[in-house]
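Structural overview
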Amino acid sequence: MAFDSSAPAGRLSAAHWRKTLAAYRSPQLSRSLAEIAWTLLPLTAFALAATLLVANGVWLGLVLTIPAAAFLVRMFMLQHDCGHGSLFASRAVNDAVGRVLGVLTLTPYGYWQASHANHHGTSGNLDRRELGAIELMTVEEYQGRSALGRFLYRFYRHPVVLFAIGPAYMFFLQHRLPIGMMGDRKAWISVMGTNLGIAAVIAAGVAVFGAVPFLAVYGATVFMAAAAGVWLFYVQHQFEQTTWARAGSWNLHEAALSGSSFYDLPRPLAWLTANIGVHHIHHLHSRIPFYRLGDALKDYPELRTYSRLGVRESFGCARLALWDEAAGRMVGFKDLRQPA
């Protein structure tokens, strides 16, 4: 599917929206600090209460890891804004806060920032499916693979792997090394520095609460937050009417607007996920602080019609696994067995 400079009927172009939305870029220091407090305090309270209960033999306390995981997801989104230079006006402050939050989210800030910038710079480009994205094949590529190659890809795209095994591997193991940037000195410093911080947190937690209570709560919280985070990242780009194009016809801003979903979450979930569902606007203007994305939607409600996904519709995205270049849409493996 090729992009062109004209927008679909009834819709304004990505260039228009990028110019219009530039007015929302400025962060507010007091609001950014408040958002950190509103996230860190409940996260600490739920995690501490869960650990104390488990340490005293009340294993039902693990239920509190569910809200703790929700606030850890939100913490990751704050780190995400730091990585884009949008949470604070100062780059140095964004980087300093991002590195600290990276210890809590088990995500090395500098390494992640580089891979995520690659994702933003290549999203929707079929010739640049690189670091920072979920692996995707076209129908033609999949059909050209050997039986073993097709099996391995189907295994990788299975929901249990994508949303359970994969997140656990990514946050507990993959982020402990600069995978994909093994020759980059800065990536090594970022990863190893974060590892040292994580080790210090674990050592302190085990010393205070004991190994079993602390690691049970810590592990459960991180696992659920990782699974939720990967799901959000998945539905932001892996939906049926997303857009992909070859390099010759790919356009960065059109890909940002049309290739990223508006995940229309209920207000409490939108708050807990720091408006990351407003992903089409975020990709078009990543310097907009997350707390101003809602303002942009309110002021320009027509942006709600771009690639909208409701919660119920989003579950159908889990079956999608291939990009059909001829049809210009995502399809599932079962669709390949249907006659043309």
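All values derive from a computational prediction rather than experimental measurement.

1. What about the environment of arginine 145?
The residue arginine 145 is located in the loop between α6 (139-143) and α7 (147-156) in this model. A relative accessible area of 41% means that arginine 145 is categorised as partly exposed. Discounting chain neighbours no more than four positions away, the residues touching arginine 145 are Met137 and Arg150.

2. Notes on the pattern of salt bridges
Note on pairing: side chains with opposite charge can pair once their charged atoms come close. Following the criterion strictly, the structure yields 13 salt bridges and no others. In this structure, the salt-bridge partner of glutamate 35 is arginine 74, at a minimum N-O distance of 2.7 Å. Note that glutamate 35 is positioned in helix α2 (residues 29-55) and arginine 74 in helix α3 (residues 65-83), a separation of 39 residues in sequence. Like glutamate 35, the residue arginine 74 is buried in the burial classification. Notably, a salt bridge pairs arginine 246 with aspartate 127, separated by 2.9 Å at the nearest N-O pair.

3. Considering the packing of α3 against helix α5 (residues 109-122)
At a closest axis distance of 10 Å, the pairing of α3 and α5 adopts a crossing angle of 70 degrees. Considering their axes alone, α3 and α5 lie roughly perpendicular with respect to each other. Here the hand of the crossing between α3 and α5 comes out right-handed. For the pair α3 and α5, the contacting residues are Phe76, Gln79, His80, Cys82 and Gly83 in the first and Tyr109, Trp112, Gln113 and His116 in the second. Here the contact of α3 with α5 is built from residues that sort into four nonpolar, five polar and no charged.

4. Focus on unusual backbone geometry
For leucine 106, which is not glycine, the phi dihedral falls at a positive 60 degrees. By the secondary structure assignment, leucine 106 is in the loop between α4 (91-105) and α5. Positive phi is not limited to glycine here, since serine 307 has a value of about 50 degrees. Structurally, the position occupied by serine 307 is in the loop between α14 (290-299) and β3 (308-309).

5. Focus: the confidence of the model for the chain
Caution applies to low-pLDDT regions: their predicted coordinates should not be interpreted in detail. Confidence in the prediction of the chain, expressed as mean pLDDT, is 94, and 96% of residues score 70 or more. Ignoring residues within four places in sequence, the model shows residues 1-7, a span with pLDDT below 50, making 20 contacts including any to other chains.

6. Details of the sheet that holds strand β1 (residues 137-138)
Spatial ordering of the open sheet is given by β1-β4-β5, a layout of three strands whose pairing is mixed. The open sheet is flanked by β1 and β5 (329-332), the only strands paired with a single partner. Direction of pairing for β1 relative to strand β4 (residues 320-324): parallel, over a ladder of two bridges. For methionine 137, the partnering residue across the bridge sits in β4 and is leucine 322.

7. Considering the side chain of threonine 243
Mapped onto the secondary structure, threonine 243 falls in the loop between α10 (211-235) and α11 (252-258). On the basis of relative accessibility, which here comes to 5%, the residue threonine 243 falls in the buried class. At 3.3 Å, the side chain of threonine 243 forms a polar contact with the backbone nitrogen of glycine 259.

8. Describing the nonpolar core
Counting residues in hydrophobic clusters, the biggest one holds 59 residues, and the most contacted among them are Leu87, Tyr234 and Leu322. Ignoring sequence-local partners within four residues, the contact set of leucine 322 consists of Leu136, Met137, Thr138, Val139, Tyr142, Tyr153, Arg329, Met330, Val331, Phe333 and Leu336. Membership of the second largest hydrophobic core comes to 16 residues, among which are Leu21, Ile281, Leu284 and Leu303.

9. Digging into the packing of aromatic side chains
One pass over the full model with this rule turns up 16 aromatic pairs. Seen from their ring centres, phenylalanine 163 and tyrosine 234 are 5.1 Å apart, and the 90 degrees between their planes marks the pair as edge-to-face. Note that phenylalanine 163 is positioned in helix α8 (residues 159-172) and tyrosine 234 in helix α10, a separation of 71 residues in sequence. Given a relative accessible area of 14%, phenylalanine 163 falls into the buried group. Judged by its relative accessible area of 0%, tyrosine 234 falls in the buried class. A centroid spacing of 5.3 Å and a plane angle of 20 degrees characterise the contact between phenylalanine 214 and tyrosine 218, whose relative ring orientation is stacked. Taken as a pair, phenylalanine 214 and tyrosine 218 lie in helix α10 at a separation of four residues, close to a single helical turn.

Conventions used here
Residues numbered from 1 in each chain as written. Predicted model: local features only at pLDDT ≥ 70, side-chain atom pairs only at ≥ 80, totals over all residues. Heavy atoms only, no water. Helix = DSSP H or I, 4+ residues; strand = E, 2+ residues; numbered from the N terminus. Buried < 20%, exposed > 50% of the residue type's maximum accessible area, 1.4 Å probe, protein only. Contact = heavy atoms within 4.5 Å. Salt bridge = Lys/Arg side-chain N within 4 Å of Asp/Glu carboxyl O. Axes fitted to C-alpha atoms, helices over the stretch in contact; angles between N-to-C directions. Parallel < 35°, antiparallel > 145°, perpendicular 65-115°, else oblique. Left-handed = near helix turned anticlockwise from the far one by under 90°. Nonpolar A, V, L, I, M, F, W, Y, C, P; charged D, E, K, R; others polar. pLDDT = per-residue confidence, 0-100. Pairing = 2+ DSSP bridges. Polar contact = N/O pair within 3.5 Å; in protein donor to acceptor, adjacent residues only side chain to side chain. Core = buried A, V, L, I, M, F, W, Y, C linked by side-chain atoms within 4.5 Å. Phe/Tyr/Trp six-rings, centres within 6.5 Å; stacked < 30°, edge-to-face > 60°.

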